[in-house]
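Per-entry structural report
The lines below spell out each chain.
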Amino acid sequence: MPEELPKRYDPQSIEARRQGAWRARDAFRTPEPAEGQPRKYIKPSAPFTSGNIHIGHVRSYSIGDAYARFSRARGDAVLFAFGFDAFGLPAELGAIASGESPSDWVSRCASHMQGQLERLGFSFDWSRSFLSSDALMYRWSQWLFLTLLDAGLIYQGTGTVDWCETCQTTLATIQVEDGLCWRCHNPVALIQQTQWYLRISSYVPENDARLQELAEGGIWDESSLASQRFVLGRLDGVELDLRAPDGTLLTVFTPHSDALAEARFVAISPRHPDVERWIADPAVLEQLEELRSGGLERDSRDAEQIPLIDTGHTLPSPVTGEPMPVLISPIVDGRFGATAVLGIPSRDHTDALIAGRLGLQVDDPGEDQDMAVDEDQSKSETPTEDRSSGIGRRPAVRYRANDFSISRQRSWGTPIPIVYCEQCGAVPVPEEQLPVLLPLDLKPTGLGNPLAEREDFVQTTCPGCGGPARRETDTLDCHFDALWLWVPACVPASERERPLQEILALDDLRRWLPSERLVAGSDSGNFVFDQRIVTKALRDIGPLAFLADGEPFAGCLFHEMVIRDGRKMSKHLGNVVDPDELLGKYGADTVRLATLYAARPQRSLNWSDSAVLRCHRFLAQVWEFSLRHLTAPAPAGDAGEVKDTTEHLRVKLSTWCDAAVERSTEEMESLEMHSAVRNIMRLFDRIKDFEKRVLARQPELSRADSDALIEALTVLIKLLGPFAPHMSEELWIACGHEADTQTPWPGVSSLEPA
Ligand SMILES: [Zn+2]
Ligand SMILES: [Zn+2]
């Protein structure tokens, strides 16, 4: 029993005391799972090392932490840890603004953020946290690069890429918002650049096929599944074979199977395996060489500028037989993959723009006047059969998900382990020479790439011939780091310095992977899609062969963001909620509880102080009510002569408790925390109501009433454990329990001390 707990709820002292106790007993260290003990790796998102924890992080980690604590309280072995996503543009710009080296800036930010997260009481295993910018960690990126390169899944190509002149960098698709740079909001230009690409196309169909299994598995929530479908961009349609006058066949795809008669041109991806067959003119071939790239991240917004190469060939319309020009354009890639498609201007805005650029006559959809040929053919009952142009029409699928560039012309990133030698060309750095170290004293200015100006970095020796060579000065985009960022938390800190091949052989990876649940923001769809691709590649290559279905996450929850007054929070709008300020005013338990209570994870949380006030009042009442009853002297035993008039109330109370436990358990399993919180609040109302009804019948609680009430309170305290962990643990101790165990979930008899 602690000495004297203040009767008034004082979150600051409660939370400082509990956090001290957790540190002292190393409460969240990842346990060695016992034989048969369920194990869960709960994967929180890796925050950008941006300087501060914002309220969106609080929401995300409150969900994950409640689930982690719930799982531990049921006796599961839990791994709950993350690494900071410390490379990339935001960190580089932060460092420029503060005049520090990015390395100093991110370590300062990470320790500040860790302090904030600790004060919020999140139960991360900090011994396993890391910065992706540590050499010990980014060697994972370099190893992954070499492994995928060796398997033919990384290649170099010249591509048209989005370029921000202000930030002096290429941008990924997700960094372009409505044609503007995500960071500086200036217009993005298209330029030609040599890039490294990740080939995902070979695994896209499997990502599609596995989606059904994930949906049936039941622990991917609808929003995370929807994100995967969106990134996949599956298009169902038909494909048919068109025969050119010289007999050459081309299979073309269209999602508009009911509008074949309106096709006006054929567009082929520059990456189509047969594309060169359509080029006779050397000048056209030259244009193609210029265009040829691994992957373009395009969409219809670029239809007005994207390169179009006219091959000079034609193919007959599948319906009318009219000749249609054959084009080569990277616009196909971003919309359909490396394939060939029919251009149907009447159905598709992008196709209409292209037809306009080609000067093709296009019939207005719905107004077919002057198109006599179409009239004749397209309205016939069996328009696609038996044409001399050789149509074999069949259902087909294409995917928008596409290869993407992984290199950036910036200094704050993982150096790409490649050297260029005049004799040998591009040579991979041998694995035993990893990591290729990034100079830590770089001071980016925002212009160009300072890494390329560091002769001490650039000058090296060719691993092939021993002659002089120059290092690749592009770095890997932090999106590439994210491909493995979910793995190292499975490795105890004590093992981290071993060679990667030894780490990959550790039981730890087999023990914790796949992650039982990823909890991340709804903008993580691209990351997760690519993590799923690379897991399948590493399964086939060997290191992750134990993941038979190639899925990194058995379950997934995507939550929406926190907004205010219906708008995204931003400093610019002055509507930012500062977690530190809330913490100082109301305490961590209130802030966490409020973010869970205010909205279900799949809904945007429109911030209002009333949820905070409501939750604070609730916790204060639970505290005062509980202490009043837990510390009151037990009533004397009933003499027996008094008639028991409250038994039915006790039965009812116990029924309420059972129902609350049953429902909360189900809701916690499906991460519907907002419902669980509401149930718990309702249970507290019933407990207070019980006392009121008893006291309406008799002057004070009988021994049996008091026992029943304390039993119900104990259930309440246990249920609150995952949500308001500081307060519930204090009350748990006040109930007379050992000070070194956490609150168990109701129905769990005892927990082994960690
Ligand atoms: Zn920019
Ligand atoms: Zn060489």
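The following paragraphs examine the structure supplied in this document. Given the structure is predicted, the values throughout are model-derived calculations rather than measurements.

Here we take up the overall build of the chain. The helix and strand inventory of the chain stands at 23 helices and 29 strands. By principal-axis analysis of the C-alpha atoms, the chain measures approximately 110 × 70 × 50 Å. With 754 residues in all, the chain has 57% of them scored as buried. The long-range share in the chain, meaning contacts at least 24 apart out of those at least 6 apart in sequence, stands at 77%. On the chain, roughly 31400 Å² of surface is accessible, and the fraction owed to carbon and sulfur atoms is 49%.

Spatial strand order, β28-β27-β29: 3 strands in an open sheet with mixed pairing. For this open sheet the edge positions go to β28 (567–568) and β29 (605–606), each flanked by a neighbour on one side alone. Across 2 bridges, strand β27 (residues 562–564) lies against β28 in antiparallel orientation. Each residue of the ladder has a partner; that of Ile563, found in β28, is Lys568.

A separate point is the side chain of Arg592. Note that Arg592 resides in helix α18 (residues 588–597). Classification of Arg592 as buried rests on a relative accessible area of 1%. Not counting chain neighbours up to four residues away, the residues in contact with Arg592 comprise Ser62, Asp65, Arg69, Leu120, Gly121, Phe122, Pro722, Phe723 and Pro725.

Taken in spatial order, the 3 strands line up as β18-β24-β19 in an open sheet, and their pairing is antiparallel. Since the sheet does not close on itself, it has two edges, and those belong to β18 (407–408) and β19 (414–415), each with one partner.

Metal coordination angles have textbook ideals: 109.5 degrees for a tetrahedral set of four donors and 90 or 180 degrees for an octahedral set of six. Coordination of the zinc ion (ligand 2) by the protein involves Cys421 (SG), Cys424 (SG), Cys462 (SG) and Cys465 (SG), with metal-donor separations of 2.2 to 2.4 Å. One way to put it: the 4 donor atoms around the zinc ion (ligand 2) meet at angles of 101 to 113 degrees, and that makes the site tetrahedral. Under the relative-accessibility criterion, Cys424 is labelled partly exposed at 36%.

Time to look at empty space enclosed by the protein. In the structure shown here, the tally under the stated rule is 6 cavities of 30 Å³ or more. The calculated volume of the largest cavity comes to roughly 110 Å³. Lining the largest cavity are 14 residues; nearest its centre among them are Gly88, Leu89, Arg408, Arg410 and Asp477. Of the residues belonging to the lining of the largest cavity, the class tally is 4 nonpolar, 6 polar and 4 charged. In this structure, the second largest cavity is lined by Trp140, Trp143, Leu144, Leu483, Trp484, Trp486, Val487, Leu504, Val534, Thr535, Leu538 and Leu544. Of all the elements in the fold, those that place two or more residues in the lining of the second largest cavity are α5 (135–150) and α16 (525–541). The class makeup of the residues in the lining of the second largest cavity is 11 nonpolar, 1 polar and no charged.

Let's shift gears to a positive patch on the surface. Taken together, the side chains of Arg614, Arg617, Arg663, Arg678 and Arg682 present a region of like positive charge at the surface. Counting only elements with at least two residues in the positive patch, the list comes to α19 (609–630) and α21 (673–697). Assignment of secondary structure puts Arg614 in helix α19. Taking relative accessible area as the criterion, Arg614 reaches 32% and is therefore assigned partly exposed.

Right, let's get into the side chain of Arg59. Looking at where Arg59 falls in the secondary structure, it is placed in helix α2 (residues 55–73). Here Arg59 sits buried without a salt bridge, and the closest side chain of opposite charge, Glu560, lies 6.7 Å off (N-O distance).

Turning our attention to the environment of Glu691. Along the polypeptide, Glu691 turns up in helix α21. C-alpha of Glu691 to C-alpha of Arg650: the two residues are 41 residues apart in sequence and 9.9 Å apart in space. Once you skip the residues sitting within four places of it in the chain, Glu691 turns out to touch Phe625, Arg628, His629, Leu701 and Leu709.

Most of α18 is tucked away: 10 of the 10 residues are buried. Listing the buried residues of α18 in full gives Ala588, Asp589, Thr590, Val591, Arg592, Leu593, Ala594, Thr595, Leu596 and Tyr597.

Time to look at the packing of α2 against α18. As a packed pair, α2 and α18 sit with axes 9 Å apart at the nearest point and diverge in direction by 90 degrees. If you check the angle between α2 and α18, you find them roughly perpendicular. Together, Ile55, Val58, Arg59, Ser62, Ile63, Asp65, Ala66 and Arg69 of α2 and Val591, Arg592, Thr595 and Leu596 of α18 make up the contact between the two elements. Split by residue class, the contact of α2 with α18 holds 6 nonpolar, 2 polar and 4 charged.

About the thresholds
Residues numbered from 1 in each chain as written. Chains lettered and ligands numbered in written order. Predicted model: local features only at pLDDT ≥ 70, side-chain atom pairs only at ≥ 80, totals over all residues. Heavy atoms only, no water. Helix = DSSP H or I, 4+ residues; strand = E, 2+ residues; numbered from the N terminus. Buried < 20%, exposed > 50% of the residue type's maximum accessible area, 1.4 Å probe, protein only. Contact = heavy atoms within 4.5 Å. Areas by Shrake-Rupley, 256 points an atom, 1.4 Å probe, with all protein chains shown as cover. Pairing = 2+ DSSP bridges. Donors = N, O, S within 2.8 Å, 3.2 Å for Na, K, Ca; no water. Tetrahedral: all angles 85-135°; square planar, octahedral: opposite > 155°, others 65-115°. 1 Å grid on protein atoms, 1.4 Å probe; cavity = no way out; pocket = protein on both sides within 12 Å on 5 of 7 lines; lining within 4 Å. Points joined across faces, edges and corners; volume = space filled by probe spheres on them. Nonpolar A, V, L, I, M, F, W, Y, C, P; charged D, E, K, R; others polar. Patch = residues over 30% accessible without salt bridge, like charges linked within 9 Å, V, L, I, M, F, W, Y side chains within 5 Å. Salt bridge = Lys/Arg side-chain N within 4 Å of Asp/Glu carboxyl O. Lys, Arg positive; Asp, Glu negative; His and termini not counted. Charge placed at Lys NZ, Arg CZ, Asp CG, Glu CD. Axes fitted to C-alpha atoms, helices over the stretch in contact; angles between N-to-C directions. Parallel < 35°, antiparallel > 145°, perpendicular 65-115°, else oblique.

So, to be careful, I would describe these as geometric facts and stop short of saying anything about function.
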